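What follows is each chain in one-letter form.
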Amino acid sequence: MTVAHHDSLTRHVEAVWQAVVPVLPGFTVEVLPSVDSTNSELMRRARTGQQEPVLLAAEVQTAGRGRLGKAWHSQPGQSLTFSLALPLTPSSWSGLSLAVGVSLAESLHPDVMLKWPNDLWLHQRKLGGILVETASQGEGPDRPRTVVIGMGINIARPDAAAVRALASPDSAAPIAPAGLAEVCVGQTAGETLEQVVPALVRDILRFQADGFTAFASRFAARDALFQQRVTLSDGSLGLADGVDASGALRVKTDAGWRAVSSSEVSVRPC
């Protein structure tokens, strides 16, 4: 277990390791003071053949990535950024990001909701995001693939001025993201890491065994878009009505029902 000297995370990694290793043999934890992206680093390792399960957390990400190539910025103690890599052989990969979101939301706070497909929401504002990537290990459908699951969670509420500075000059004023400190006053990034990781590992292993079906009702209980008017990035308008068995978003449009894959479009409330 490799640990950098920063109290906000390192005080808790031993507890994380002890809680996880009984269900995930060979599991290790690493904490780095700085990295371009925890997901990028673990994907580089996966492509060289590393298959051992590992959790990589960083005090600072200099080039963090979100879905659709969006940047994710982190500052020491102000946010929690980590990625988990492990070999996985589910019968279907559909709905994995939703299962991850369910696990995180349930561990964080009762007020945390899920905005399909991969955002954590608190009081109608973005609290965090999830990025899932995979790397193949050999040829054939039954060969395990290393999945790298990255999480970014705001601990402190991001500064409004910094949010405005990141916005495009011609875009509408962005809504300031949420911070976990709004509902968990005084909770550190390290405490949050210890709070969410053991349950997350158990839920990923359950997803491998049972697929998204095991998480469908749990997702529905925290679905922030349910019965909300939404705009799809292709310009379509509709009413969000939960997800189907594969985790695709069901949207009722003027042209009829549509199942929306996360690879097709992004979604925002009207």
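Above this text you will find the structure in question.
Residues numbered from 1 in each chain as written. Predicted model: local features only at pLDDT ≥ 70, side-chain atom pairs only at ≥ 80, totals over all residues. Heavy atoms only, no water.

Draft legend 1. Region of interest: the overall build of the protein. Broken down by element type, the protein carries six helices and 14 strands. For the protein, the proportion of its 270 residues judged to be buried stands at 50%. Relative to all contacts within the protein whose residues are 6 or more apart in sequence, the contacts with residues 24 or more apart total 66%. When the accessible area of the protein is evaluated, it comes to approximately 12400 Å², of which 51% is carbon and sulfur surface. (Helix = DSSP H or I, 4+ residues; strand = E, 2+ residues; numbered from the N terminus. Buried < 20%, exposed > 50% of the residue type's maximum accessible area, 1.4 Å probe, protein only. Contact = heavy atoms within 4.5 Å. Areas by Shrake-Rupley, 256 points an atom, 1.4 Å probe, with all protein chains shown as cover.)

Draft legend 2. Representation of the nonpolar core within the structure. Membership of the largest hydrophobic core comes to 58 residues, with the highest contact counts inside it found for Leu55, Phe82, Leu120, Leu193 and Val197. Setting aside residues no more than four positions away along its own chain, Leu193 makes contact with Leu9, Val13, Val16, Leu55, Leu80, Phe82 and Pro198. Within the second largest apolar cluster, eight residues are counted, among which are Ala46, Val54, Ala135 and Val148. (Core = buried A, V, L, I, M, F, W, Y, C linked by side-chain atoms within 4.5 Å.)

Draft legend 3. Structural detail: the packing of helix α3 (residues 96-108) against helix α5 (residues 189-210). For the pair α3 and α5, interaxial distance at closest approach is 9 Å and the crossing angle is 145 degrees. α5 is crossed by α3, and the crossing has right-handed handedness. Here Leu96, Ala99, Val100, Ser103, Leu104, Ser107 and Leu108 of α3 come into contact with α5, specifically with Thr192, Gln195, Val196, Ala199, Leu200, Asp203 and Phe207. (Axes fitted to C-alpha atoms, helices over the stretch in contact; angles between N-to-C directions. Left-handed = near helix turned anticlockwise from the far one by under 90°.)

Draft legend 4. Local environment of the pattern of salt bridges. Evaluation of the coordinates by the stated rule reveals 11 salt bridges. For Glu106, the salt bridge identified is with Arg218, shortest N-O distance 2.7 Å. You can see Glu106 sitting in helix α3 and its partner Arg218 sitting in helix α6 (residues 216-220), a full 112 residues away along the chain. Look at Glu106 and you get partly exposed, because its relative accessible area is 35%. Using a relative accessible area of 19% as the deciding quantity, one classes Arg218 as buried. Asp241 serves as the salt-bridge partner of Arg250, at 3.6 Å between the closest nitrogen and oxygen. Overall, the relative accessible area of 31% leaves Arg250 in the partly exposed class. Assessed through its relative accessible area of 22%, Asp241 is described here as partly exposed. If you follow the salt bridges from partner to partner, you end up with Glu30, Asp36, Glu41, Arg44 and Arg45 in one network. (Salt bridge = Lys/Arg side-chain N within 4 Å of Asp/Glu carboxyl O.)

Draft legend 5. Fine view of the sheet that holds strand β14 (residues 267-269). One open sheet holds the five strands; their spatial order is β13-β12-β11-β10-β14, and the pairing between them is antiparallel. Each having just a single partner strand, β13 (256-260) and β14 make up the two edges of the open sheet. Pairs of neighbouring strands in the sheet enclose a mean axial angle of 40 degrees, with direction left out of account. (Pairing = 2+ DSSP bridges.)

Draft legend 6. Structural context of the sheet that holds strand β6 (residues 112-115). Taking strand neighbours across the sheet as the criterion, the seven strands line up as β1-β2-β5-β9-β8-β7-β6 in an open arrangement whose pairing is mixed. Each edge of the sheet is formed by a strand with only one pairing partner; in this case those strands are β1 (28-35) and β6. Geometrically, the sheet is characterised by an average inter-axis angle of 20 degrees between neighbouring strands, direction not taken into account. Contacting β6, β7 (119-122), β8 (125-136) and β9 (145-154), α3 crosses the sheet at an angle of about 140 degrees to β8.

Draft legend 7. Structural detail: unusual backbone geometry. The residue after Trp116, namely Pro117, is reached through a cis peptide bond having omega 0 degrees. By secondary structure assignment, the location of Pro117 is in the loop between β6 and β7. Phi at His123 takes a positive value of approximately 55 degrees, unusual for a residue other than glycine. Inspection of the secondary structure puts His123 in the loop between β7 and β8. A relative accessible area of 44% means that His123 is categorised as partly exposed. We note that Gln227 has phi near 60 degrees; this positive angle belongs to a residue other than glycine. Along the chain, Gln227 turns up in the loop between α6 and β10 (229-232). By relative accessible area, which is 39% here, Gln227 ends up partly exposed.

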